[in-house]
Amino acid sequence: MTKLTPVLSAHWDEKDSFTLEGYKRHGGYTASAKALKMEPDAIIQQVKDSGLRGRGGAGFPTGMKWGFIPQGDNKDHYLVVNADESEPGTCKDTPLLLANPHVLIEGMIIGSYAIRAKYAFIYIRGEVTHVVRRMQQAIEDAYKAGYLGKNIFGSGVDLELVLHVGAGAYICGEETALLDSLEGFRGQPRLRPPFPAIAGLYARPTVVNNVESIASVPSIISNGAEWFQSMGTEKSKGMTLYSLSGHVANPGQFEAPLGITLREILELAGGIRKGHQLKFWTPGGSSTPLFTVEHLDTPLDYEGVSAAGSMLGTKALQIFDETTCIVRAVLRWTEFYKHESCGKCTPCREGTWWLVQILKDLESGKGTEADLDKLIDLCDNIMGRSFCALADGAASPIVSSLKYFRSEYMDHLRNGGCPFDPHASTLFDKAGV
Amino acid sequence: MTTEVVDMITLVIDGFEVSVPKGTLVIRAAEKLGIQIPRFCDHPLLDPVGACRQCLVDIEINGRAFPKPQASCTIPVEPGMIVKTQLTSAVAQKAQEGIMEFLLVNHPLDCPVCDKGGECPLQNQAMSTGRGESRFEGKKRLFDKPINISSQVLLDRERCVLCARCTRFSEQIASDPFITLNERGALQQVGIYENQPFESYFSGNTVQICPVGALTGASYRFQARPFDLVSTPSSCEHCASGCAQRTDVRRGKTLRRLAGDDPEVNEEWNCDKGRWAFKYVTALDRITNPLVRDASGELREASWPEAIAAAADGLKGNRVGVLVGGRATVEDAYGYSKFARVTLGTNDIDFRSRVSSDEEREFLASHVVGTSTTYRDIDRADHVLLVGFEPEEESPIVFLRMLKHVKKRALKVSAVATKLSIGNEKLGATFLSVAPGSEADAISKIELTAKSVILVGERACESAGALSAVAALAHRTGAKIGWVPRRAGEPGAIAAGAIGNLLPGGRPVSDPAARVDVATVWGVDSIPSAVGKNADEIFVAAKTGQLDALVVGGVDPLDSALSAEALSALDQTFVVSFEIRPSAVTARANVVFPVAAVTEKSGSFMNWEGRAREFDTAVEGSLHRSDVRILSMLADAMGKSISLNSVKSASKEFASLSKWDGARATFTPSTSKSLSVGNDEALLTSWRRLLDDGSLQDGEVNLAGTARKSVVVISQKRASALGVVDGDAVKVSNSQGSVTLPVLVENIHDDAVWMPRNSRGSHLLETLGTASGTLVKVGKA
């Protein structure tokens, strides 16, 4: 039985975990002081050695990303943290920043120093006002303490940190769209190459990292690469936040080594809500292909989830029990993607517009079995054909749901409508409480 | 001649090997093989965007295949690349069919009423690449339609496929980012800023490159079906940029003009004036028959023989001056040139129906005619200096070419000017601010290299000594001079010798060998040897009785610096006018010959580069004759034939004269003179805007709607002294008249006041009798 390994979340239960004092009580800002005495390249090497991979979904090795920044090029470099957490189900960065904003600031100090950036940016989701305020306070406190600004920690290094509040677009979580938005343009993904490491923010070499990736850095500097390596599986090292939501007894954040299984996490969370059984779940948010009961023992690391036909994504484990109508759930997600499609490319813009209409018809029992094949074919015409990965995410739940629950779609057609009682799946429904 | 070394890359597309220069995009390499990959957002002159996804193909490089189809419009070729298009890859074919199906999801099936129907890339490619039947059974998005994004461009949002060609053109090519994509998802749409319409001089290009019927020109909307139009390649008559165009005619009426494709000149663009200002041809007041003034003093219609006889009578044996106008074709100008020398026996001929000077005439003969500065020189220049020239207003394609290099390689641009214009701001030009009349001094201080280009406008002659300073600067640094007049006919008129100091081919009148050359070809004994009068002198001579008659082409006497003298000269002499519509000249003429407009005849212009811009008759069956044909008839009647009974014969004979290879005309530099400016005074400066009250723009209200508003521009210092702010009325006056306009405070020399030369409420030559360099009073109105 895998045990939880709280590092980022270790002190979330303390009343003042989000304050500078609360953070420092447990050794906060010692890692950055230590890092500033190291050679920048040594930090990059240490992060490489740790095996830390991007926690935003793609799992790209963080140290390698930092290593791509050309050095000695006489250009400004930028570190940009992607805190635009917007995917349905994904909810790790928001609580992390609410409970411990300073760990991100400390990670950014180390990361900026490593890539020789004098300016760092946090692009944060605008809707989470409480987190924005807390982040603002934390930055202000860090400036006052001399951890940000000129000559930080008396090291001679300067670092300005800018908090940028997004205006609420899912696409701005895509790193190049985020950069456009940060520059003041409409958030739409950019053509690559050039990649951000060569021409990112303001056409300067830029690293874009997820909140959790950067927040993991201080612990690596403090405890060493080996310590980090001791957690996780062969190619997926370290601890990470699993966000459990939906029809479970105790939803929330579970910080565990990569490779833990859903069965283990469910056990820690008190299981599926009483009197119900698991029907399907997402391993990493709504854009990752669905899993079912048969995947309970799939190791939740990058390779394990991928081998089982999905993606680890943001480790947003959305749990749905047998009261949930698959068609209804998929339709809701698809509506989300239609609403959030930026409109730049054809398959995503027009495809999601169309998919929603077909799914709506299917939910209300209209259509024929041929529509299911059409749905699959349209998804085939969307996936891998769009400008960015958003459209792949939009098609994933549809394709995977048809793979596992085609008969349930058919039930809607035979039934002339949805056979489920929508109230039964709500958390406020009496059943199971 | 230097040869550029280009790295070639060889790849295989659909089994065929092809070699293309490094950096070529896959979609373009395929074109080279004749393989057409469908596309919408892709445009060879715009940066790749990869938005529409229509051009997906399968690609592998050295055995490694991309896991999914790639947009061929964004990927440059690489060695060892194997590309499979829809022709050889089932995956690519399905991907393209899928995208086409998606594009049609929200596209209305209104082809039967859509202007684009019949020439629509979406329609065509839906046929070539799409499914026969749609599988879409849902609801399409709906928008209110159409919306005006300017007075001349309409937007049907539901037809838009969001390829962003229009927005990218406006930003990347014209630097007028007045339209942008708004909203998101399927509701994404092209839009303008609030209260800020799409008033770009180049907006028509977006209509032309729109791959669907989303953007339409207000004047052409619902006017024709493409298959009813007869298209003729043509050349623009509006300015000296020399744009290739296409003229579309239905049943004898021009309905539309499009930018032609000429990579060396206008690439694929033109300006809105070239595109939309052609209704003057079909104006209701066109003169259709010859007119002769009868005994009672009334102009009445006459037969051709009667009119020819009347004109011949009035001219024969008299002292005659010839005013050609700046809009004649090369062939017509040649006709006037020969007519003046052979039939009238005079060198008193000038095409410059505008403010001009003798310094300019000498400059043209010594530094312009026979030289060849080209667009290519701009492409290669290290520095472009503008003198008396506002490219955006006065030669828009020269402006676009400069802008391209400003964007691409930070081309350095400097402008000796009295005011920093919008266009020069877009060019990032270094503004060398001068008081009107002090240009020469500023020019003499500039450093250039042999790779630099000096673009000189026709207004440079309005400042004494400026052209002399340009000549000296070019001599000192080796920089090339390009003279860019506003009117399309001027470079050709110089070459044809429609000016008092030059014979055809740039031959100096004063050179006996040159005269012998021409006399031989013309089969005459001799050619008058005295340098002729210039346009102003012709008017004065006519007024004072030293000339008895005038032959006047398309000239507006109100364009002259001596507009008052011009009108009385016309009143006092026998005038033969060649015109298309009634004017101040026809009102005073004794004989008026109706002539063909440019769409009704063949011929050629010569653009500022000296490049021939030939065109054929676009409107067949017109009864109007080209000027040269009428002149030839007139010469016959006068007993001194010029034997140019067709455009073709004129063109042939002109070509046979070839260029002068003898000594060039000499140039005597002039010096500038400065005026002292009193407290409430300023030196007037002005230029014509691209869209203004010019008579060739008559009748096109949608175009006129996007003209820049008339203002009087003063410096902040003067505004503070006058106590005025933007929008306040300011009066500019002299002894002859006054103009009152809203004031705009801009970057202008403190001693100067600027107004548009010929715009609504601001006709300077008519009202003030002056357009630049003279003292005027400036005060709060």
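The model shown is predicted, which means the values in this text are computed figures rather than measured ones. (Residues numbered from 1 in each chain as written. Chains lettered and ligands numbered in written order. Predicted model: local features only at pLDDT ≥ 70, side-chain atom pairs only at ≥ 80, totals over all residues. Heavy atoms only, no water.)

Colleague: Even after reading the chapter, I still don't get the sheet that holds strand 5 (residues 206–210) of chain A, so can you show me in this structure?
Modeller: Strand pairing in a sheet relies on backbone hydrogen bonds, with the paired strands running either antiparallel or parallel. Residue and element names in this part refer to chain A. Pairing within the open sheet is mixed, and its five strands lie in the order 3-4-2-1-5. Bordering the open sheet on either side are strand 3 (149–152) and strand 5, each of which pairs with just one other strand. Recorded for the sheet is a direction-independent mean angle of 25 degrees between the axes of neighbouring strands. Bridge analysis of strand 1 (residues 78–83) against strand 2 (residues 119–124) gives six bridges, and the strand direction is parallel. Along strand 2, the bridge assignment pairs Asn 82 with Tyr 123. Its contacts with the sheet place helix 7 (residues 129–144) against strand 2, strand 3 and strand 4 (157–165), and it is angled at close to 165 degrees to strand 4. (Pairing = 2+ DSSP bridges. Helix = DSSP H or I, 4+ residues; strand = E, 2+ residues; numbered from the N terminus. Axes fitted to C-alpha atoms, helices over the stretch in contact; angles between N-to-C directions. Contact = heavy atoms within 4.5 Å.)

Colleague: Is there a simple way to think about the domain arrangement of chain B in this case?
Modeller: As far as domains go, chain B holds domain 1 (6–101), domain 2 (136–276), domain 3 (289–354 + 488–654), domain 4 (357–485) and domain 5 (679–778). Taking the mean C-alpha position of each, domain 1 of chain B and domain 4 of chain B sit 42 Å from one another. (Domains from an automatic or database assignment.)

Colleague: Would you take a moment to explain the environment of Glu294(A) for this structure?
Modeller: Take Glu294(A): it is sitting in the loop between strand 9 (291–292) and helix 14 (302–307). On the accessibility criterion, Glu294(A) (61% relative accessible area) is exposed. (Buried < 20%, exposed > 50% of the residue type's maximum accessible area, 1.4 Å probe, protein only.)

Colleague: What is the right way to look at the interface of chain A and chain B in this model?
Modeller: The parts lose accessible area when they come together, and the size of an interface is often stated as this lost area. Facing 31 residues of chain A, the contacting portion of chain B comprises 36 residues. The largest contributions to the chain A side of the interface with chain B come from Trp353(A), Trp354(A) and Arg385(A), which together make up 24% of the buried area. The interface formed by chain A and chain B includes five salt bridges. Those elements giving two or more residues to the side of chain A that touches chain B turn out to be helix 15 (326–340), helix 16 (346–363) and helix 17 (369–382) of chain A. Examining the composition of the side of chain A that touches chain B, we find that eight residues originate from one element, helix 16 of chain A, more than from any other. Among the residues forming the side of chain A that touches chain B, the class breakdown is 10 nonpolar, 11 polar and 10 charged. (Buried area = accessible area lost by both parts, 1.4 Å probe. Salt bridge = Lys/Arg side-chain N within 4 Å of Asp/Glu carboxyl O. Nonpolar A, V, L, I, M, F, W, Y, C, P; charged D, E, K, R; others polar.)

Colleague: Which parts of the structure should I look at to understand the packing of aromatic side chains?
Modeller: Between two aromatic rings, the relevant description is the distance of the centres plus the angle of the planes. What the rule picks out here adds up to 29 aromatic pairs over all chains. Consider the rings of Tyr29(A) and Phe153(A), whose centres lie 6.4 Å apart with planes at 40 degrees: the pair is tilted. On the criterion of sequence distance, the pair formed by Tyr29(A) in the loop between helix 1 (20–25) and helix 2 (30–35) and Phe153(A) in the loop between strand 3 and strand 4 is long-range, its members being 124 residues apart. Geometrically, the ring pair formed by Phe280(A) and Phe320(A) is stacked, given 4.6 Å between the ring centres and 10 degrees between the ring planes. Highlighted residues: Phe280(A) in strand 8 (residues 278–282) and Phe320(A) in strand 10 (residues 316–321), separated in sequence by 40 residues. Each of the two residues, Phe280(A) as well as Phe320(A), counts as buried. Joined through ring pairs, the aromatic side chains of Tyr23(A), Tyr29(A), Tyr147(A) and Phe153(A) make up one cluster. The ring of Phe18(A) has Arg134(A) sitting right over it, with the charged end atom 3.6 Å from the ring centre. The residue whose ring lies beneath Arg625(B) is Trp304(B), and the NZ or CZ to ring-centre distance is 4.5 Å. (Phe/Tyr/Trp six-rings, centres within 6.5 Å; stacked < 30°, edge-to-face > 60°. Lys NZ or Arg CZ within 6 Å of the ring centre and 35° of its normal.)

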